[in-house]
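Breakdown of the fold
As a plain string of letters, each chain reads:
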Amino acid sequence: MIKFVLMVNRQGQTRLSRYYQPVELGKRAALEADVVRGCLYRKKEECSFVEYKDFKLVYRHYASLYIVVGITESENELSVYELVHNFVEVLDKYFSRVSELDIMFNMDKVHIILDEMIQNGHVVETNHSRILAPLSALDTLAHS
């Protein structure tokens, strides 16, 4: 099961966070800082899977952003690794080469994409067209 998804820049600033298990607001900042520190300072040659406390971290680095996913011990790391890549592909398809600014200024759309892919910590959709269908409908309504 997926516990959380974080998107952070190289400076460690959180650009997106989505929690699928309750974490107190006061503890989120400390958790995010610790998780980000653990992933940002790893070398490129090192594995993208990290054991962290009672769960695992799976992360991928894209341009100036890191996407970090916290998962339970029983979750398949490679499938989550591919899920992260699929998420970035969908963002690229929608934003035509997504950037950190696209994410910051279109946070609602990024959350819609993520919500179409993951619900209650479980992957529910990976097909790009089906993931983008609600946004296409919203865009059509906005332009009419």
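Residues numbered from 1 in each chain as written. Predicted model: local features only at pLDDT ≥ 70, side-chain atom pairs only at ≥ 80, totals over all residues. Heavy atoms only, no water.

1. Quick word on the pattern of salt bridges
On inspection of all chains with the given rule, the structure shows eight salt bridges. Of the charged contacts in the structure, one is a salt bridge between lysine 56 and glutamate 77, with a shortest N-O distance of 2.7 Å. Highlighted residues: lysine 56 in strand β4 (residues 55-62) and glutamate 77 in helix α2 (residues 77-95), separated in sequence by 21 residues. Under the relative-accessibility criterion, lysine 56 is labelled buried at 8%. Here lysine 109 ties to aspartate 139 by a salt bridge, and the two come within 3.7 Å at their closest N and O atoms. (Salt bridge = Lys/Arg side-chain N within 4 Å of Asp/Glu carboxyl O. Helix = DSSP H or I, 4+ residues; strand = E, 2+ residues; numbered from the N terminus. Buried < 20%, exposed > 50% of the residue type's maximum accessible area, 1.4 Å probe, protein only.)

2. Here we look at the side chain of histidine 111
Mapped onto the elements, histidine 111 comes out in helix α4 (residues 107-117). Histidine 111 has contacts with Leu16, Ser17 and Arg18, leaving out every residue within four places of it along the chain. (Contact = heavy atoms within 4.5 Å.)

3. Re the packing of α4 against helix α5 (residues 128-143)
Orientation of α4 relative to α5, taken along the N-to-C sense of each, is 145°, at an axis distance of 8 Å. Crossing of α4 over α5 shows right-handed handedness. Packed against α4, whose contacting residues are Lys109, Ile112, Ile113, Glu116 and Met117, the element α5 presents Arg130, Ile131, Leu132, Pro134, Leu135, Leu138 and Asp139 at the interface. Partitioned by chemical class, the residues of the contact of α4 with α5 number eight nonpolar, no polar and four charged. (Axes fitted to C-alpha atoms, helices over the stretch in contact; angles between N-to-C directions. Left-handed = near helix turned anticlockwise from the far one by under 90°. Nonpolar A, V, L, I, M, F, W, Y, C, P; charged D, E, K, R; others polar.)

4. Here we look at the side chain of asparagine 86
Mapped onto the secondary structure, asparagine 86 falls in helix α2. With residues near it in sequence (within four places) discarded, asparagine 86 still touches Met117, Thr126, His128 and Ile131.

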